[in-house]
Each structure stands twice: as C-alpha cells, then as structure tokens.
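Residue-level listing of the chains:
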Amino acid sequence: MAGRIARWGAALALGALWWWAVLRLALTPHAGALEGAVAAGGWGLSLLPVHCMPKARAAGAIGQGRWRDAWRVSLATTASPHPRSDGGSDPS
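Just so we're clear, the structure is a prediction, and the values are computed from it rather than from any experiment.

In this section: the overall build of the protein. Helix and strand counts for the protein stand at 3 helices and 0 strands. Each helix and strand of the protein, placed in order from N terminus to C terminus, yields the pattern α-α-α. Of all 92 residues assigned to the protein, the portion counted as buried reaches 4%. Within the structure as shown, the protein displays about 8500 Å² of accessible surface, and the carbon and sulfur contribution to it stands at 66%.

With that out of the way, let us pick up the pattern of salt bridges. Inspection of every chain in the model, using the stated rule, returns 1 salt bridge. Between Glu35 and Arg24 there is a salt bridge whose closest N-O contact spans 2.5 Å. Of this pair, Glu35 sits in helix 2 (residues 33-46) while Arg24 sits in helix 1 (residues 2-27); the two residues are 11 residues apart in sequence, bridging distant segments of the chain. By relative accessible area, which is 28% here, Arg24 ends up partly exposed.

In this section: the environment of Gly36. Residue position: Gly36 is located in helix 2. The spacing of Gly36 and Leu25 is 11 residues in sequence and 7.0 Å in space, taken between C-alpha atoms.

Here the focus is the side chain of Glu35. Under the relative-accessibility criterion, Glu35 is labelled buried at 7%. If we skip the residues at most four places from it in the chain, Glu35 touches Trp20, Ala21, Arg24 and Leu25.

Glancing now at a nonpolar patch on the surface. A contiguous nonpolar surface patch, about 420 Å² in accessible area, is contributed by Leu14, Leu17, Trp20 and Leu34. With 3 residues, the top contributor of residues to the nonpolar patch is helix 1. Take Leu14: it is sitting in helix 1. Among the residues examined, Leu14 registers a relative accessible area of 57% and is labelled exposed.

Conventions and cut-offs
- Residues numbered from 1 in each chain as written.
- Predicted model: local features only at pLDDT ≥ 70, side-chain atom pairs only at ≥ 80, totals over all residues.
- Heavy atoms only, no water.
- Helix = DSSP H or I, 4+ residues; strand = E, 2+ residues; numbered from the N terminus.
- Buried < 20%, exposed > 50% of the residue type's maximum accessible area, 1.4 Å probe, protein only.
- Areas by Shrake-Rupley, 256 points an atom, 1.4 Å probe, with all protein chains shown as cover.
- Salt bridge = Lys/Arg side-chain N within 4 Å of Asp/Glu carboxyl O.
- Contact = heavy atoms within 4.5 Å.
- Patch = residues over 30% accessible without salt bridge, like charges linked within 9 Å, V, L, I, M, F, W, Y side chains within 5 Å.

Rendered as structure tokens:
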C-alpha cells in the first residue's frame, strides 16, 4: 500500500512540475531552457508505452512465427501461371 501511495505521489508531483513548465513557457516571456527541457522531456516520456509486459504474458498476443507463416502463404499464388488454352491471347 505504501508503494502505491509513493508512486501516485511521484506521478502527481512530476505532473505538476510538467504543467508548471508548460504554462510558464506559454504565459511568460522569461521562460528559458529549463522550462523547455522539462516540457519536452515530459512530452517525450508520454510517448513511451506505460503498460509493458513480456509478449508471452500479454492477453491476445500473437504467437511466435504467426506473421512469418502468413507471409509465406501470401507469397504462394493459387493462380495458374500457364495459359489455360492453346489459342494464346489477342491484344484487341
């Protein structure tokens, strides 16, 4: 329970720091590199996946080799490469 409270406290503190940097960049002419670095860093962290786990444990995970098998099937064609009649084809 204490770990959960600490994580929430850290998340709220870092979120408040990020909002302070963003608002200071937007509203004051005296904002500098520190505010820009905090804002850009927080935005960059938001692009990372938060709920990561090993692929084998993920619900609905695609099995090993499934995509490889699908590509192999799509490369094989069911159409006949040979002409179906002896008459050939006429361009007109």
